[in-house]
Amino acid sequence: METKGFTQDGTVDLRGRPVLASKTGKWNACAFLVGYEAFERMAFYGIASNLVNYLTTQLHEDTVSSVRNVNSWSGSVWITPILGAYIADTYLGRFWTFTVSSLIYVMGMIMLTTAVSLKSLKPTCTNGICNKASTSQVAFFYISLYTIALGAGGTKPNISTFGADQFDDFNPHEKELKVSFFNWWMFSSFLGALFATLGLVYIQENLGWGLGYGVPTVGLLVSLVVFYLGTPIYRHKVRKTKSPARDLIQVPVTAFKNRKLQLPQNPCQLHEHEPQYYINSGKRQVHYTPIFRFLDKAAVKDGNSGRPPCTVTQVEGTKLVLGMMLIWLVTLVPSTIWAQINTLFVKQGTTLDRSLGSSFQIPAASLGSFVTLSMLISVPMYDRYFVPFMRHKTGNPRGITLLQRLGIGFVIQVIAIAIAYAVEVRRMHVIRVHQITGPKQIVPMNIFWLLPQYVLLGIADVFNAIGLLEFFYDQSPEDMQSLGTTFFTSGIGIGNFLNSFLVTMVDKLTDRGEHKSWIGDNLNDSHLDYYYGFLLVISTLNLGAFIWASSKYVYKRETKEVNEGCIEMDSKALEISPLGLQV
């Protein structure tokens, strides 16, 4: 309830006191957050976009090993948020989990800057012949990288959800503002990524790796100071359950114990608290949906579990997580496609003509800036033009449903990898015509041939990345929104690991006898086109799997308290149709 101007969703300040809606939260609070996101993205992409080149040129790793190590590190950065989200939702809350983790992140950046700056921590070269990196040098470098990954585990799932917490879902005006939050949040992320791929990559290759890593380290420190300046106006969610993830275990166990019981004909006969309970507690009631019906037995009133039955709301929370897992599975292949940007696309670019004028060479990793540029252009167009146009057509506040947004992004991504395949076929043709065989020979083909695939992947990500982040936040059970957001991050992480696995297996299976590896150290004498063709096939099949999964998904329906105990349904219709067309 709204009392004396306080927020209606029960948010509090850092000391646990109710906060005034007019003086806290909304975009005023988010302004202190976006700076950190921009600098964190700058730091991450400043490392990820050019790490494959550092490993091959400075630590002298081979192509397959470097691609595998980049993917393993990137995967860890996106997987560790599962732990950070669990700690936030169960113990510390988003603010304090972020605080501790951000300090670990900065410490990792300082260590990495040191690793690439001190001569004693890098391999030495004499007359163009470089020594292999020592065990201690390699160990310190990778400890630095994985310290950053550990810190990212607590920052990634909590900073975006903490930003979303600044908007009151019970206030119609703030809820409308929240619709645009994730678009503009990712916009700030793209700005950081743009500076990394345009500026930091150039600095690393021309002015020194130490300076290239030192700039975002200082930026992170400054952004943290700015973040804490906003503390007085932040809103903090109050945890309503001690262990939000407990239902994920309790519901299936109870359903299994009750497996021999008959379900009632009417779902209203399943166990549920009275509406007044949810009004008094401030929790949200989630209504029955006819999917995963085997779990409904956990809410049978006369069960065999020896303890009170689960409520329909608890059961539906578990159903939500299972439904999100189904969608999550079909995001893994798109994440694998995305992993090419910082690995094989970069190595592919190093073989092409990168001259711009008589003396300037475009760093191959800088082409990734066009991914970010296309995102920066597409986000305002999507938010200011596409959404209002589609909102008028469909009546949906978002313009299109969350799953429709993902579907459009996946289609664009399939087109992008098809173009990447066609460009690589063209590159191989030029290699044959000019009889190029040496690993360092430049193919007389301009690097901007790669531009369309970068641009299309950027446009696809406006639909995919933002759509996935919003989808998993929106569809998560109320007390598990940090943990729910890790579906987004872990999907990217698994995609990186999957790409590492595919690259390793393809290299081993194709490098036999007289057959050349599709992904050898010498890309001018390999068959990268075959690998891209393989990715095109599996991404097309995955698109079909996504269409099927989305046709089975049912959006959550909640009841929430508004205006002195009255109840309002936050409705998401139950009709099931392809690509989640539910209006």
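Before reading further, recall that the structure is shown in the block above.
Treat the numbers as computed from the prediction; the structure is a model and nothing was measured. (Residues numbered from 1 in each chain as written. Predicted model: local features only at pLDDT ≥ 70, side-chain atom pairs only at ≥ 80, totals over all residues. Heavy atoms only, no water.)

Trainee: Tell me what's going on with the overall build of the protein, and back it up with residues and numbers.
Mentor: Helix and strand content of the protein: 17 helices and nine strands. Computed over its C-alpha atoms, the radius of gyration of the protein comes to 25 Å, within 12% of the 25 Å expected for a compact globule of 583 residues. With the principal axes as the frame, the protein shows a C-alpha extent of 80 × 50 × 50 Å. Expressed as a percentage of the 583 residues in the protein, the buried residues total 58%. Accessible surface, the protein: about 24,500 Å² in total, of which carbon and sulfur atoms supply 64%. With 49 positive and 40 negative side-chain charges, the protein shows a spacing of 3 Å between the two charge centroids. (Helix = DSSP H or I, 4+ residues; strand = E, 2+ residues; numbered from the N terminus. Rg over C-alpha atoms; globule rule 2.2 N^0.38 Å. Buried < 20%, exposed > 50% of the residue type's maximum accessible area, 1.4 Å probe, protein only. Areas by Shrake-Rupley, 256 points an atom, 1.4 Å probe, with all protein chains shown as cover. Lys, Arg positive; Asp, Glu negative; His and termini not counted. Charge placed at Lys NZ, Arg CZ, Asp CG, Glu CD.)

Trainee: Explain the environment of F98 residue by residue, including any values.
Mentor: In this fold, F98 is placed in helix α4 (residues 81-117). When sequence neighbours within four positions are dropped, the list of residues in contact with F98 reads Y36, G154, T155, I159, L224 and F227. (Contact = heavy atoms within 4.5 Å.)

Trainee: Lay out the environment of T217 in plain terms, naming residues and giving numbers.
Mentor: Mapped onto the secondary structure, T217 falls in helix α7 (residues 209-229). Sequence separation of T217 and P252 is 35 residues, and the distance between their C-alpha atoms is 45 Å. Excluding anything up to four places from it in sequence, T217 contacts M109, I110 and T113. A polar contact of 3.4 Å, which involves the side chain of T217, links it to the side chain of T113. (Polar contact = N/O pair within 3.5 Å; in protein donor to acceptor, adjacent residues only side chain to side chain.)

Trainee: Could you give an account of the packing of aromatic side chains, with specific residues and numbers?
Mentor: Tallying each qualifying case throughout the model produces 38 aromatic pairs. Ring plane angle 70° and centroid distance 5.2 Å describe the contact between F471 and F472, whose orientation is recorded as edge-to-face. Under the relative-accessibility criterion, F471 is labelled buried at 0%. A relative accessible area of 1% places F472 in the buried class. Judged by centre distance (5.3 Å) and plane angle (20°), the rings of F472 and F487 are stacked. Taken together, the residues F472 in helix α15 (residues 451-475) and F487 in helix α16 (residues 481-510) connect sequence positions 15 residues apart. Put simply, the rings of Y36, F95, W96, F98, F162, F227, Y228 and Y234 touch in pairs and so form one group of aromatic residues. Taking NZ or CZ as reference, K156 lies 5.0 Å from the ring centre of F44, over its face. (Phe/Tyr/Trp six-rings, centres within 6.5 Å; stacked < 30°, edge-to-face > 60°. Lys NZ or Arg CZ within 6 Å of the ring centre and 35° of its normal.)

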